[in-house]
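Observations on chain architecture
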Amino acid sequence: MEELILELKQQIIEVLNFEDMTPTDIETDAPLFGEGLGLDSIDALELIVLLDKGYGIKLADPKAGKEVFKSVRVMAEYIQANRTK
Amino acid sequence: MNYNEVNIRITPSSAQMNGEDIAWSPSDRGILFDLFQKYAKGYAKFYKMDTLSQLGFIATEILLQHYPLTPQQHDECAIVFGNSCASIKNDRDYLQTIIDPNSYYPSPSLFVYTLPNIVTGEIAIRHKLYGETCFYVLENKEQLFELADHQLRLMHINAALIGWVECENENNFYANIKLLWKN
Amino acid sequence: MYCIAHHILSPLANGSKANLQAILLGESALSSYHQHFPSVEPFCASLFESAPTFKQLCIQSASQAIQEANIDASSSAVVFVISTTKGDNLQLLSPAQQIVRHFGNPNSPIVVSNACVSGVSAQIAAWRLLRSGKYTTAIVIGCDVQSQFIVSGFQSFKALSDSPCRPFDAERTGLNLGEAVATMIYSIECPKKACWQLTAASMHNDANHISGPSRTGEGSYRCLVDVMQHCDTADIHALSVHGTATPYNDEMEAIAIHRAHMHEVPILAFKGYYGHTMGAAGVLETILTMFALENGTLIGNPRYEACGTSYALNITKEHRSLGKLPMHFIKMMSGFGGCNAAIRLSYCGCDEL
């Protein structure tokens, strides 16, 4: 699980172009949207692509992303339970 | 009514304001990144922008830091930009995400920049400019400056950014942006 | 600036009149497409069967409008203003130059690429060009054709509905894409017959987000305030909205309209018939609004059942009778990049005859 969390943080930094950040800058349990990392609606859509491309998970309804993208830990748990690759 | 006018030019190898070279510390990351480090470090959205937006953004940033607008001018400042190749560089980047049927993952963050007017939106957001924003695709910059200048005077616009911003690829770009304002 | 001729070519019909007749009968060319473009998911859109090119469409529509206006398009007093987002396979300038050359016109084309707002921005550009005194006539053409590029992008944005769209409805789930070309010919001279005149125009940015509509409708609201100067709301007979049927756009427009105290003005929304025709939309929907009002009809919004925005608007599923001679209407648009535009068109019926 810890490995997946680190991998996810690295991917988030890469696909969302967080140039000045390292995985240690992202708190595992902090909210990704709003107060925490401050992601916006396009970032959310890009995370949907990440789930599909990296883990074979198709999230058809962007509203479902709200639950899945609560924090890196929630995301990692969701991936572990639903990944197809 | 006459306008005050200042301008900035940026190419991959030079940056000049009102004809004078702007000093910056070159790195291997390229001029846009270097100027960003000097003038707008901390504005993380910069990294998400396509090259065309980065170019227009940083050029405007430098201009407005040297020549700040009044609150009233901010509220009304128009952004009229143009070029001859629209968003072609970013269009090609987006195409890369859909061209291979075995790796078809259309990228929303690239797609949003496949419109040339997004650069005007990025600048409006950064500086809270609520005036008109428009993007033209024209044969040359003289045509844009003539068109925009006429519009400015006709509409009695108080302040405007008029710019030719062109980006064919990462190593081939050019910005020539003027800031005009009434006293 | 007077509109002296117009033409629409859409998957529904050829000609402005034929298009209006089709929507009066409730027809639509929206249908489902499976594997129409490589790799894209199934989608619902309004597409031409014969897959014409951007250039062919522009030339065909402009030719018919030029013929109707009976003008010499090769004159140096005529300027072409072309509204498009993706042009001919991502090329915008070269097809525009070819179109202008086709008509023997000596002037450089003005291409407006201002996202979904382009068609209204192009009319505003035409107005200003004519007021410069350099030209007497502007030919405004709006056109876009669909492609894997556009459909895949909107799908990545989760913005498409896989069934016919429902602007402003509580059950709306997204937009449909569409293809069309529409031409308006504007002249500085009154044609000495009843016609529409562009009487006010405004553009504003939201300064909020590059893709998400403003939560306060700021730019759109400011546009409405501008075009309502020296005009009574009671004299505005229709508000021809953008109405994409995405949850956020329609909500934003409802907020802006309410803030401008214009929620009692009848709403006309055409995306339920044509889908979102992008660069064509601002021109196409302006023509349809003019023509519908001249015909004495307020066009209904198909599949509209229940209000789906925080503020209620004056919107119906069925067509309604206008019941009076038209005076003014407003065409408003909003798009990516935070841009918004509105124009007021006024019916010029008798006083100059």
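This is a predicted model, so every value here is computed, not measured. Every chain is numbered on its own, with residues counted from 1 as its sequence reads. Numbering of ligands from 1 and lettering of chains from A proceed in the order in which they are written. Local features in this predicted model are restricted to residues whose pLDDT is 70 or higher, and side-chain atom pairs enter the listing and the counts only when it is 80 or higher, whereas totals over whole chains, interfaces and linings include all residues. Side-chain metrics in this entry use all non-hydrogen atoms of the structure; hydrogen atoms and water are not considered.

A few words now on the overall build of chain A. Check the secondary structure of chain A and you find 4 helices and 0 strands. Secondary structure follows DSSP: runs of H or I at least 4 residues long count as helices, runs of E at least 2 residues long count as strands, and numbering of each begins at the N terminus. Helices and strands appear in chain A in the N-to-C order α-α-α-α. C-alpha atoms define the radius of gyration, and 2.2 Å times the number of residues to the power 0.38 defines the globule rule. Taking 12 Å as the expected radius of gyration for a compact globule of 85 residues, we find that chain A reaches 12 Å, a close match to that expectation. Each principal axis of the C-alpha atoms in chain A carries an extent, and together these give about 30 × 25 × 20 Å. Three labels apply to residues, based on accessible area from a 1.4 Å probe with only protein chains included: buried if under 20% of the type maximum, exposed if over 50%, partly exposed otherwise in between. Within chain A, buried positions represent 42% of all 85 residues.

All names here are of chain C. Judged by how many residues are buried, strand β15 (residues 339-348) sits mostly within the fold: 9 of 10 residues are covered. Here 10 bridges tie strand β9 (residues 195-205) to β15, and the two strands are oriented antiparallel to one another. Each bridged residue has a counterpart across the sheet, and for Ser202 the counterpart in β15 is Ala342. Two strands form a pair only when DSSP identifies at least two bridges running between them. Judged from the 8 bridges that link them, strand β14 (residues 328-335) and β15 form a sheet pairing that is antiparallel. If you follow His328 over to β15, its bridge partner there is Ser346. Hairpin connection of β14 to β15: 3 residues between the antiparallel strands, including Gly337 at a positive phi of 90 degrees.

Attention shifts here to the environment of C:Gly178. Residue and element names in this part refer to chain C. For Gly178, the location among the structural elements is in strand β7 (residues 177-178). Along the chain, Gly178 and Val100 lie 78 residues apart, while their C-alpha atoms are 25 Å from each other. Note on contacts: a residue pair is in contact if any heavy atoms of the two residues lie within 4.5 Å. Leaving out residues up to four positions away in the same chain, Gly178 has contacts with Ser46, Gln146, Tyr274, Gly275, His276 and Thr277.

Right, let's get into the domain arrangement of chain C. Where interface size is given, it is often the accessible area lost as the parts come together that is meant. Residue and element names in this part refer to chain C. The domain boundaries here were taken from an automatic or database domain assignment. Under the domain assignment used here, chain C contains domain 1 (2-187) and domain 2 (195-348). Taken together, the contact pairs 61 residues of domain 1 with 67 residues of domain 2. The term buried area refers to how much accessible surface (probe radius 1.4 Å) is lost by two components on association, counted for both of them together. For the pair domain 1 and domain 2, the summed buried area comes to about 5,100 Å², and 72% of that belongs to carbon and sulfur atoms. Its largest share of buried area at the contact with domain 2, domain 1 owes to Cys116, Phe168 and Arg172, together 16% of the area lost on that side. Think of a salt bridge as a Lys or Arg side-chain nitrogen and an Asp or Glu carboxyl oxygen that are within 4 Å of each other. Counting across the domain 1 and domain 2 interface gives 1 salt bridge. In this structure, Arg172 engages Asp250 in a salt bridge whose closest nitrogen and oxygen atoms are separated by 3.6 Å. Contacts described as polar in this section are N or O atom pairs within 3.5 Å, which, within protein, must combine one atom able to donate a hydrogen with one able to accept it, while residues neighboring in sequence count only if both atoms come from side chains. Across the contact surface, domain 1 and domain 2 share 24 residue pairs in polar contact (both at pLDDT 80 or more). Top contributing element to the side of domain 1 that touches domain 2 by residue count: helix α4 (residues 118-131), with 7 residues. Within the side of domain 1 that touches domain 2, the residues separate by chemical class into 31 nonpolar, 22 polar and 8 charged. Polar here means any residue outside two lists: the nonpolar Ala, Val, Leu, Ile, Met, Phe, Trp, Tyr, Cys and Pro, and the charged Asp, Glu, Lys and Arg; Gly therefore counts as polar.

Turning our attention to the interface of chain B and chain A. The partner chain A presents 13 residues to the 10 residues of chain B that form the contact. Here chain B meets chain A over a buried area of about 1,100 Å², counting both sides, of which 55% is carbon and sulfur. Counting the surface chain B buries against chain A, the share from its top three residues, B:Tyr47, B:Lys48 and B:Tyr105, is 57%. At the junction of chain B with chain A, the criterion picks out 2 salt bridges. B:Arg29 is the partner of A:Glu19 in a salt bridge, and the nearest nitrogen-oxygen pair spans 2.9 Å. Put simply, chain B and chain A have 7 residue pairs in polar contact (both at pLDDT 80 or more) between them. Split by residue class, the side of chain B that touches chain A holds 6 nonpolar, 2 polar and 2 charged.

In this section: the sheet that holds β7(C). Residue and element names in this part refer to chain C. What the 3 strands build is an open sheet, ordered β2-β3-β7; its pairing is mixed. What marks the edges here is a single partner per strand, and that holds for β2 (31-33) and β7. Note: strand β3 (residues 43-46) against β7, 2 bridges, orientation parallel. Within β7, the residue paired with Ser46 across the bridge is Gly178.

Grouped together as the largest cluster of nonpolar side chains are 204 residues, with contacts concentrated most on A:Ile12, A:Met75, B:Ile10, B:Ile58, B:Tyr136 and B:Leu161. The element that contributes the greatest number of residues to this core is helix α9 (residues 281-294) of chain C, accounting for 9 residues. Shared between two domains, this core takes at least three residues from each, and those domains are domain 1 (2-187) and domain 2 (195-348) of chain C. With residues near it in sequence (within four places) discarded, B:Leu161 still touches B:Thr60, B:Leu63, B:Cys77, B:Ala78, B:Ile79, B:Val80, B:Phe81, B:Ile123, B:Leu129, B:Ile177, B:Lys178 and B:Leu179. Only buried residues count toward a nonpolar core. Its members are Ala, Val, Leu, Ile, Met, Phe, Trp, Tyr and Cys residues joined through side-chain atoms within 4.5 Å. Counting residues in hydrophobic clusters, the runner-up holds 23 residues, among them C:Ile236, C:Val241, C:Ala254 and C:Ile315.

With that settled, the discussion passes to helix α6 (residues 118-127) of chain B. Residue and element names in this part refer to chain B. Summarising burial for α6: 9 of the 10 residues are buried, a large majority. Where α6 is concerned, the buried positions are Ile118, Val119, Thr120, Gly121, Glu122, Ile123, Ala124, Ile125 and His127. Lys128, located one to two residues past α6, shows a positive phi value of around 55 degrees.

Each side of the interface is counted separately: chain C has 48 residues, and chain B has 45 residues. Summing both partners gives a buried area of about 4,000 Å² for chain C against chain B, and 61% of it is carried by carbon and sulfur. The three residues of chain C that bury the most area against chain B are C:Arg128, C:Phe149 and C:Ile210, which together make up 18% of that side's buried surface. Across the contact surface, chain C and chain B share 4 salt bridges. Between B:Asp75 and C:Arg222 there is a salt bridge, with its nearest N and O atoms 3.0 Å apart.

What follows deals with helix α3 (residues 93-102) of chain C. The set of residues buried in α3(C) consists of C:Leu93, C:Pro95, C:Ala96, C:Ile99 and C:Val100. Buried residues of α3(C), viewed axially, fall in a sector of 165 degrees; they line one side. On its buried face, α3(C) is in contact with β5 (133-137) of chain B together with α2 (54-69), β4 (78-83), β5 (110-112) and β6 (137-144) of chain C. After α3(C) finishes, the residue C:Gly104 shows a positive phi value of roughly 70 degrees. The arc in question is formed by the directions pointing from the helix axis toward the C-beta atoms.

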